[in-house]
Amino acid sequence: MILSLAVRNLLRNRRRSLATLLAMAIGSTSVLLFGGYSTNINQTMHTEYVQNGGHLQIQHRDFFLYGSGNPTSYGIADYTKILAAIKNDEVLRNMVLVATPTLQFGGIAGNYAAGVSRTITGNGFVAEDVNRMRRWNDFGLRSGSPVFALEGAPADAAIVGTGVARVLQLCDALKIARCPKPEKEKKVDGPAAPDDIAQLSLLETPAASGPAQGSSRRIEVLAGNSRGAPNVASLEVIRAEEQGFKEFDEVYVMMHLAKTQQLIYGKSEPKVTSIVIQLKHSEQIPAALVRLAPILEKFSVSQPLAVLDFRTLNPFYVQTIQLFDTIFGFIFALIGAIVLFTVSNTMNTAVVERTVEIGTLRAIGLRRSGIRQLFVTEGMLLGMSGAVLGVVVALLVSGIANQMGLTWSPPGGVDPLPLTLTVWGETRMILGTTFGLICIAVLSAWWPAHRAAKLDVVEALRHV
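Chemist: Please provide a residue-by-residue account of the overall build of the chain, values included.
Modeler: Helix and strand counts for the chain stand at 18 helices and 11 strands. Burial analysis of the chain (464 residues in total) assigns 46% to the buried set. Across the chain, the fraction of contacts at a sequence separation of at least 24, relative to all contacts at a separation of at least 6, is 78%. Summed over its atoms, the accessible surface of the chain is roughly 24700 Å², and 59% of this surface lies on carbon and sulfur atoms.

Chemist: Lay out the nonpolar core in plain terms, naming residues and giving numbers.
Modeler: Grouped together as the largest cluster of nonpolar side chains are 58 residues, with contacts concentrated most on Ile 86 and Ile 219. No other element matches helix H12 (residues 285-299), which puts 6 residues into this core. Setting aside anything within four residues of it in sequence, one finds Ile 86 in contact with Ile 58, Leu 92, Arg 93, Val 96, Ile 277, Leu 292 and Ile 295.

Chemist: I'd like a rundown of the state of the cysteines, residues and numbers included.
Modeler: Per the counting criterion, the structure on display carries 1 disulfide. A sulfur-sulfur separation of 1.7 Å characterises the disulfide bridge that pairs Cys 171 with Cys 179. Since its relative accessible area comes to 7%, Cys 171 is described here as buried.

Chemist: Mind laying out helix H4 (residues 79-88), listing which residues take part and the relevant values?
Modeler: What H4 keeps buried is the set Tyr 79, Ile 82, Leu 83 and Ile 86. Seen along its axis, H4 keeps its buried residues to an arc of 100 degrees; they face one direction. Turned more than 90 degrees away from the buried face of H4 sit Thr 80, Lys 81 and Asn 88, all of them exposed.

Chemist: Go over the environment of Arg 311 with me, naming the residues and quoting the values.
Modeler: Relative to the helices and strands, Arg 311 is located in helix H13 (residues 310-313). Residue classification places Arg 311 among the partly exposed residues on the basis of a relative accessible area of 35%. Arg 311 sits 265 residues away from His 46 along the chain, and the two C-alpha atoms are 9.0 Å apart.

Chemist: Can you break down a nonpolar patch on the surface residue by residue, with the values?
Modeler: Taken together, the side chains of Leu 18, Leu 22, Ile 26, Leu 389, Val 393 and Val 397 present a nonpolar region at the surface, about 470 Å² in accessible area. Mapped onto the nonpolar patch, the elements with two or more residues apiece are helix H2 (14-53) and helix H16 (368-402). Take Ile 26: it is sitting in helix H2. For Ile 26, a relative accessible area of 57% corresponds to the exposed category.

Chemist: Before we move on, can you summarise the side chain of Thr 100 with the specific residues and values?
Modeler: Examined against the element boundaries, Thr 100 turns out to sit in strand E2 (residues 96-111). Separated by 2.8 Å, the side chains of Thr 100 and Asp 129 make a polar contact. Contact partners of Thr 100, with chain neighbours within four places excluded, come to Leu 83, Val 126, Asp 129, Met 133, Ser 274, Ile 275 and Val 276.

Chemist: Explain the side chain of Ser 444 to me, and be specific about the residues and the numbers.
Modeler: By the element assignment, Ser 444 lies in helix H17 (residues 427-454). Among all residues touching Ser 444, those that are not within four sequence positions of it are Val 339, Leu 340, Val 343 and Ser 344.

Chemist: Any details on H2? Residues and values, ideally.
Modeler: An ideal rise of 1.5 Å per residue puts 58 Å on 40 residues; H2 measures up with 57 Å between its terminal C-alpha atoms. The positive-phi residue at the C-terminal boundary of H2 is Gly 54, with phi of around 70 degrees.

Chemist: Describe the packing of aromatic side chains, naming the residues involved and giving the relevant values.
Modeler: Within the structure shown, the criterion is met by 9 aromatic pairs. Ring centres of Phe 34 and Phe 328 lie 6.4 Å apart, and the angle between their planes is 15 degrees; this geometry places the pair in the stacked category. Taken together, the residues span a long stretch of sequence, with Phe 34 in helix H2 and Phe 328 in helix H14 (residues 315-353) at a distance of 294 residues. Under the relative-accessibility criterion, Phe 34 is labelled buried at 17%. Every member of this aromatic cluster is reached through a ring pair, and the members are Phe 34, Tyr 37, Phe 324 and Phe 328.

Chemist: Before we move on, can you summarise the pairing of strand E7 (residues 252-256) with the specific residues and values?
Modeler: By the criterion of burial, E7 is predominantly enclosed, with 5 of the 5 residues buried. The pairing of strand E3 (residues 116-125) with E7 spans 5 bridges and is parallel. Pairing of Gly 122 across the sheet is with Val 253, part of E7.

Chemist: Which residues make up the pattern of salt bridges, and what are the values?
Modeler: A complete count under the given rule lists 9 salt bridges for this structure. A salt bridge links Asp 62 to Arg 61, with the nearest nitrogen and oxygen atoms 3.9 Å apart. Taking the shortest distance from any N to any O, the salt bridge between Asp 129 and Arg 132 comes out at 3.2 Å. Of this pair, Asp 129 and Arg 132 both sit in helix H6 (residues 127-133), 3 residues apart, which is roughly one turn of the helix. Residue classification places Arg 132 among the partly exposed positions, given a relative accessible area of 38%. A single salt-bridge network, built from bridges that share partners, covers Asp 156, Arg 217, Arg 218 and Glu 236.

Chemist: Explain the confidence of the model for the chain residue by residue, including any values.
Modeler: Taken over all residues, the pLDDT of the chain has a mean of 83, while the share at 70 or more is 83%. Across the chain, strand E8 (residues 274-279) holds the top mean pLDDT of 96, while helix H9 (residues 195-204) sits lowest at 51. Of the regions scoring below 50 in pLDDT, residues 204-213 engages in 6 contacts with residues more than four places distant in sequence or in other chains.

Chemist: Can you explain the pairing of strand E4 (residues 157-161)? Please cite residues and give values.
Modeler: Along E4, 5 of the 5 residues are buried, which leaves the element largely enclosed by surrounding structure. Sheet topology note: the E4/strand E6 (residues 230-241) ladder contains 5 bridges and is parallel. By the bridge assignment, Ala 157 is partnered in E6 with Glu 236. As paired strands, E4 and E7 are joined by 3 bridges and run antiparallel to one another. When the bridges of E7 are listed, Ala 158 appears paired with Met 255.

Parameters and conventions
- Residues numbered from 1 in each chain as written.
- Predicted model: local features only at pLDDT ≥ 70, side-chain atom pairs only at ≥ 80, totals over all residues.
- Heavy atoms only, no water.
- Helix = DSSP H or I, 4+ residues; strand = E, 2+ residues; numbered from the N terminus.
- Buried < 20%, exposed > 50% of the residue type's maximum accessible area, 1.4 Å probe, protein only.
- Contact = heavy atoms within 4.5 Å.
- Areas by Shrake-Rupley, 256 points an atom, 1.4 Å probe, with all protein chains shown as cover.
- Core = buried A, V, L, I, M, F, W, Y, C linked by side-chain atoms within 4.5 Å.
- Disulfide = S-S within 2.5 Å.
- Arc of directions from axis to C-beta.
- Patch = residues over 30% accessible without salt bridge, like charges linked within 9 Å, V, L, I, M, F, W, Y side chains within 5 Å.
- Salt bridge = Lys/Arg side-chain N within 4 Å of Asp/Glu carboxyl O.
- Polar contact = N/O pair within 3.5 Å; in protein donor to acceptor, adjacent residues only side chain to side chain.
- Expected span 1.5 Å × (residues − 1).
- Phe/Tyr/Trp six-rings, centres within 6.5 Å; stacked < 30°, edge-to-face > 60°.
- Pairing = 2+ DSSP bridges.
- pLDDT = per-residue confidence, 0-100.

This is the structure:
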């Protein structure tokens with residue numbers, strides 16, 4: 001009876017009920033659409049970091065804290081044995097998609113032909129493994145990562161950041177668009193230099209052509225080897241790629257792992273600074289850490305090793321997700337306050353308009369608890385209807401938006417990505433938002449229901 005009375009009362013005041021219902025539906029739609037956008041950002045950044053750096057990295061225990069100053073001081077010896085142990089583990093081999101070594105180093109890159117140089121941070125990769133890692137797409141995103149150009153390239157090939165290419169004046173050779181060139185210094189009039197000084201200057205000036213100049217894309221990389229002596233490698237730059245962050249873009253150089261090890265270790269035993277592990281699914285990280293523990297313990301006898309997940313290695317990712325979670329919580333609180341005010345106002349108005357009805361129901365035997373239950377049920381019905389309508393509208397709007405071909409640029413990203421509002425399939429978010437709005441609607445209807453239940457029967461009937 002309570003339910004039928006509540007439905008009848010809502011239908012009797014269609015205009016007010018419809019206004020309240022639409023306010024709740026718009027609020028629910030807004031929360032879900034922003035939640036879908038936030039989910040897409042999370043999944044996009046999650047995928048990008050896993051594609052580039054894997055889920056886990058085995059490093060020297062202090063490499064994460066101190067390795068940026070001198071990476072080669074924290075190299076991992078016997079890394080091939082560690083890789084073999086991971087691939088032979090009966091559990092890990094079913095989890096791991098890629099396990100690959102990398103070697104990071106610091107040095108100086110110079111373009112002899114242009115007479116310029118700059119400090120760089122280099123990294124050596126197994127190119128085939130990098131391309132396998134870039135195919136990871138556990139969330140089914142519509143975007144795809146570019147092919148790693150070092151696969152199939154000569155042993156002395158290298159990829160540089162566009163900032164490195166700009167400083168080393170490789171823009172023309174690499175055909176980089178929108179690459180400003182430094183202005184030539186104006187000559188200052190003055191007395192001519194002595195003949196002997198002029199001859200020395202000519203000796204130091206690189207020839208316009210000849211064997212010394214070589215390819216217009218050739219650079220030399222200078223780095224200290226494991227014994228402290230400097231080594232030089234001559235590299236052919238095959239591509240310049242923007243790295244997203246300007247500070248990183250202006251120092252980054254990518255090489256083949258074998259060439260990097262030759263540069264750093266020469267004929268000594270080669271080492272690596274990290275072993276990157278990419279799993280089939282991110283949910284497997286805790287189980288993988290358990291299986292890696294005895295392997296690390298075995299090889300940590302002569303060198304302290306640690307394993308770090310991609311969230312620890314990329315604090316920017318964690319901070320970005322926390323930011324969007326905070327914004328989502330703020331929006332939900334704001335929408336909740338609007339729903340609370342709207343439903344409460346509707347119920348308060350209903351109490352004033354239905355004073356005689358309340359008195360009549362009390363006169364025919366309906367208890368105070370029944371009156372209270374009646375108004376709370378009306379609030380619950382409004383909340384449920386508005387939340388469900390909001391879910392339907394959010395699914396429709398997100399479906400339309402996903403087909404419009406809109407794009408956005410992620411934080412630290414280079415190429416624009418398809419804008420996707422991930423609402424469909426996010427059951428937890430949909431149920432949480434729906435249940436939360438229903439609870440807010442019930443809560444906002446409770447105080448007017450309490451007022452209605454406290455009305456005196458005689459005083460209520462006097463309003464006839």
